[in-house]
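Coordinates in review
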Amino acid sequence: MRRRRTFIYSIQIILIASLVFLFYFVTISDKNLFKQGFGKKFRNESSSSFPRQAHLLDNYCKFAWTEPMDNTLKKRLKFPKRAGCEKYNIDLFKRYPATGEFSMKSKAHRNKLECVAQVLKGGLRPAAHTYQLGKTQTFSPKLNKRFWINANNFILTCFSGQLVIYRKQFMGFKMDENLKLVVDGPFEIPEPEAKILKSGSKQFSISILGLDSTSRAQFGRHMRKTTDFLQRMGSVVFEAYNKVGDNSAVNLIPILADELSETENMNLLDETGDVNLNKILPTKTPLNPDTIQWIWKHLPPEYITMFNDDVMHTSRGLFHYPPDNFLDGFGESPARFYYRPYYNHLYSQLSNWWRKCLDGELLAEVFIDSWFRFERIFSKTPHFGFTFISSLTHDDPNNLEMLDHTLFHRLDYLNRTGCLENTILIILGDHGNRVHPLNRYTFAGKIGRFEERIDKLDNISEERAPYLSILVPPRFRKQFPEKYRNLRENSQRFVSNFHVHSTLKFITSLSKNLESSRRNKSLFELQPINSTCQDNRVISNHCLCMVDASQDISKVPNSESLEEVLRTYLTDFNECFNVESLQCGNVVSSGFQIQQDVKKEFQTETLMPNNYVQVWARTKISDSEVVRKKERASAVRPKFDKNQFYEKFQVIYPYLTCNLQSKNGDSVEVLTQFRLIQLSQNITIPYPPRLSVHSPSQCSHFSFPTDYCNCVDLLLAV
Ligand SMILES: [Zn+2]
């Protein structure tokens, strides 16, 4: 009896242990990118054989990372769930988002309505800011009977007698030269040729969805449903992505275009030794958008292309202005589906006054649906789509919230219907918000602003860190497991726009034998940790790599206070660390000027954003101008002395190295970056500290406390 009970116990223990191990390998290993090393893990149980997990603080560039929900931003944040768009006119037609079909839904006009479909053309140089009217066809829509319009840009107008009762512009697809303009019946999704569908194909479609003025932190706080979805799908968000220049064009050209022939012979650096802005986008040689080597021009002819730019004003558009930079627009259509005529008509109707809503619809949703339809209809056909939505977020970053619900649902639909199986989806912001008070007067906007409204300055910067996420489909991960692993590791590496271009170049080279970009390694290759702003071609007035703060601080941060904040932070990981064993005080860098009266064990490296970034220099200014701006800012508050002034508005980043013991006996080094507001002495830990586990153990390759502790917890449970 006793032996039998022992036997049952043993079986139970083995079962539980197997389940725990199974759980560990299915969840933790998968989550932490180390799927590839399974076999090794079993063979070498006493220590981890994986390379150490990448971490933001590994970078030589100490990046000014901002939390999505930074405390100092809170009073300027709004979360408008609904646009509340008011409707003024009758809605004659229902439009099906996935296909763009119409059906007449108004019983009042049953069978007696006369409508006209009319093609919109134009949008090309020398009249890129206008549209022309093209072919027309009259028709009588029948109640609940579907039809679609065989045109890219068109207007539908309906009359009751002589009276115009409906008129609206649309984006669509001209599918067939031989079909009539108005096609009765359902829209048929084209079947691609068999050779394109063959399994093992290395061809992938590319879908770029750009949201103007959208930073990483802003996307995280306003697009929560979408973020959750993308995360579940295995999408990678780049935490240390730095824009290279100020506005849209200078940031999108290096992503979408090869090196310009106009700049090939220019030096990488200017006469001051800084990155040469002219080499990225020349200011005195107006570029012809038709001759730029856009990434999609390298694709084989079977690729279907779309260029969809919400221009916001008929005189604008990416690569259309100012005249110093560009000839006035494309002279020939840059893609098979080119929607400028639609936007020209729309913004002419709005007299170039940007609006959030038009007749009951959130315009950004209408624009997103043109991206969605393209992805839906051409999901099985190789395609390249570039969509850029400007108007919603350009002036107010809070508006992004209104798009979350729709984008989430569109992505979810595409995923459920298998439309993302062949597509690499890149969602990006060109830069963060540049004009809203949230960013102009908060550190999170510009990292500081020593100007008239200095009292509005709260803290920190996100404008220079645009959002960038890349989602690759399972087929890609299966074919290139190492590349997918690198992509994920690179989420922690310091990168810029040029890396996105090399990444696109790699994808296009898969479809055709092409040389890869020479400018930077793609994000599918592991990026080095020692990249500087010069390497990444980020101009110094936008560079988020921090500099030594010793010149601008009045006293060395109190390392005991820092330690206390870390201690509190670590209590969340009580199950895994012996927090009492925490010992801090290692010197992190020798670069810091140490004050004589400070004991050695309290020395820490203390950094701050560079001066250009602090004074919000959009263009490069001289050092004397930086000093003048700082002094002027001090002068407008005469009651402050200079030191007090700096203390009040200066945000500094002390770093501290500590050691502690984990519950499984590892000795762990913890590198923590703190964020300290000088006057209030408010200290936070914006980014998870980096662990380096010195003792060899199964969990020693983890750098993030959460991942390391999940691993330790499971070991201890077994
Ligand atoms: Zn922009």
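Bear in mind the structure is a predicted one, so any value in this text is a computation, not a measurement.

1. Quick word on the overall build of the chain
Across its full length, the chain holds 21 helices and 27 strands. Long-range pairs, those at least 24 residues apart, make up 75% of the contacts in the chain between residues at least 6 apart in sequence.

2. Focus on the packing of helix α5 (residues 224–232) against helix α11 (residues 401–416)
Two numbers describe how α5 lies on α11: the axes approach to 7 Å, and their chain directions differ by 25°. Accordingly, the angle class assigned to the pair α5 and α11 is roughly parallel. On α11, the residues touching Arg-224, Lys-225, Thr-226 and Phe-229 of α5 are Asp-404, His-405, Leu-407, Phe-408, Leu-411 and Asp-412.

3. What about the sheet that holds strand β2 (residues 102–104)?
Strand pairing in a sheet is mediated by backbone hydrogen bonds. Such pairs are either parallel or antiparallel. The strand order across the open sheet formed by four strands is β1-β2-β5-β8, and the pairing between neighbours is antiparallel. Each edge of the open sheet is held by one strand with a lone partner, namely β1 (93–95) and β8 (182–184). Averaged over all adjacent pairs, the angle separating strand axes in this sheet is 35°, with direction ignored. Note: β2 against strand β5 (residues 146–149), two bridges, orientation antiparallel. Within β5, the residue paired with Phe-102 across the bridge is Phe-147.

4. Remarks on the sheet that holds strand β6 (residues 153–160)
A sheet is described by the order of its strands in space; here four strands give the open sequence β4-β3-β6-β7, paired in antiparallel fashion. The open sheet is flanked by β4 (131–139) and β7 (163–171), the only strands paired with a single partner. Ignoring which end each strand starts from, the neighbouring axes of this sheet average 20° apart. Sheet topology note: the strand β3 (residues 114–122)/β4 ladder contains seven bridges and is antiparallel. Following the sheet pairing, Gly-122 is matched in β4 by Tyr-131. Each of β3, β4, β6 and β7 touches helix α8 (residues 340–349); the most contacted strand, β3, lies at about 110° to it.

5. Quick notes on helix α21 (residues 705–717)
Look at α21: 18 Å from first C-alpha to last across 13 residues, which is about the 18 Å you get at 1.5 Å a residue. All of the buried residues in α21 are Pro-705, Asp-707, Tyr-708, Cys-709, Cys-711 and Val-712.

6. Some thoughts on the environment of Ile-253
For Ile-253, the position within the fold is in helix α6 (residues 248–256). Judged by local crowding, Ile-253 falls into the buried class, with 24 C-beta atoms found within 10 Å. Filtering out sequence-adjacent residues up to four positions away, Ile-253 remains in contact with Ile-280 and Leu-281.

7. Some points on the packing of α6 against helix α16 (residues 497–511)
Where α6 contacts α16, the two axes come as close as 7 Å, and the packing angle between them is 30°. Here α16 runs roughly parallel to α6, going by the angle between their axes. The element α6 and its partner α16 pack so that their crossing is right-handed. Contacts between α6 and α16 involve Asn-251, Pro-254 and Ile-255 from the first element and Asn-497, Phe-498, Val-500 and His-501 from the second. By residue class, the composition of the contact of α6 with α16 is four nonpolar, three polar and no charged.

8. Quick look at the environment of Lys-121
Checked against the element boundaries, Lys-121 lands in strand β3. For Lys-121, a count of 17 C-beta atoms within 10 Å translates into the label partly exposed. Residues Lys-121 and Arg-340, 219 residues apart in the sequence, show an inter-C-alpha distance of 8.6 Å. Ignoring any residue separated from it by four or fewer positions in sequence, one finds Lys-121 in contact with Tyr-131, Gln-132, Gly-134 and Pro-341.

9. A short note on the nonpolar core
Of all hydrophobic cores here, the largest spans 153 residues; its most connected members are Phe-63, Phe-154, Ala-364 and Ile-368. Ranked by residues supplied to this core, first place goes to helix α9 (residues 363–377) with eight residues. Look past the residues within four positions of Phe-154 in its chain and what remains in contact with it is Ala-117, Gln-118, Val-119, Leu-120, Ile-149, Phe-170 and Gly-172.

10. Considering unusual backbone geometry
Note that the residue after Arg-125, namely Pro-126, is joined by a cis bond; omega there is 10°. Following the sequence through the fold, Pro-126 ends up in the loop between β3 and β4. A cis amide bond links Tyr-321 to the next residue, Pro-322, at an omega of -10°. Checked against the element boundaries, Pro-322 lands in the loop between β12 (304–309) and β13 (337–338). Not every positive phi belongs to a glycine, and Met-312 is a case in point at roughly 70°. Residue classification places Met-312 among the buried positions, given that 20 C-beta atoms sit within 10 Å. For Arg-537, which is not glycine, the phi torsion reads 60° and is therefore positive. One can find Arg-537 in the loop between α16 and β20 (547–548).

11. What to know about the confidence of the model for the chain
For the chain, the average pLDDT comes to 84, and 81% of its residues sit at 70 or higher. In the model, residues 589–602 has pLDDT below 50 throughout and makes 15 contacts with residues more than four positions away in sequence or in other chains. Every residue in residues 635–640 scores below 50 in pLDDT, and together they form six contacts with partners more than four places removed in sequence or on other chains.

12. Things to note about the environment of Arg-316
Tracing the sequence through the fold places Arg-316 in the loop between β12 and β13. It is 7.7 Å that separates the C-alpha atoms of Arg-316 and His-129, two residues lying 187 residues apart in sequence.

13. Re α9
Relative to the 21 Å expected for 15 residues at 1.5 Å per residue, α9 spans 21 Å between its end C-alpha atoms, a close match to the ideal helical length. For α9, the buried fraction is high: 13 of the 15 residues fall into the buried class.

How each quantity is defined
Residues numbered from 1 in each chain as written. Predicted model: local features only at pLDDT ≥ 70, side-chain atom pairs only at ≥ 80, totals over all residues. Helix = DSSP H or I, 4+ residues; strand = E, 2+ residues; numbered from the N terminus. Contact = placed C-beta atoms within 7 Å. Axes fitted to C-alpha atoms, helices over the stretch in contact; angles between N-to-C directions. Parallel < 35°, antiparallel > 145°, perpendicular 65-115°, else oblique. Pairing = 2+ DSSP bridges. Expected span 1.5 Å × (residues − 1). Buried ≥ 20, exposed ≤ 12 C-beta atoms within 10 Å, placed from the backbone. Left-handed = near helix turned anticlockwise from the far one by under 90°. Nonpolar A, V, L, I, M, F, W, Y, C, P; charged D, E, K, R; others polar. Core = buried A, V, L, I, M, F, W, Y, C linked by C-beta atoms within 7 Å. pLDDT = per-residue confidence, 0-100.

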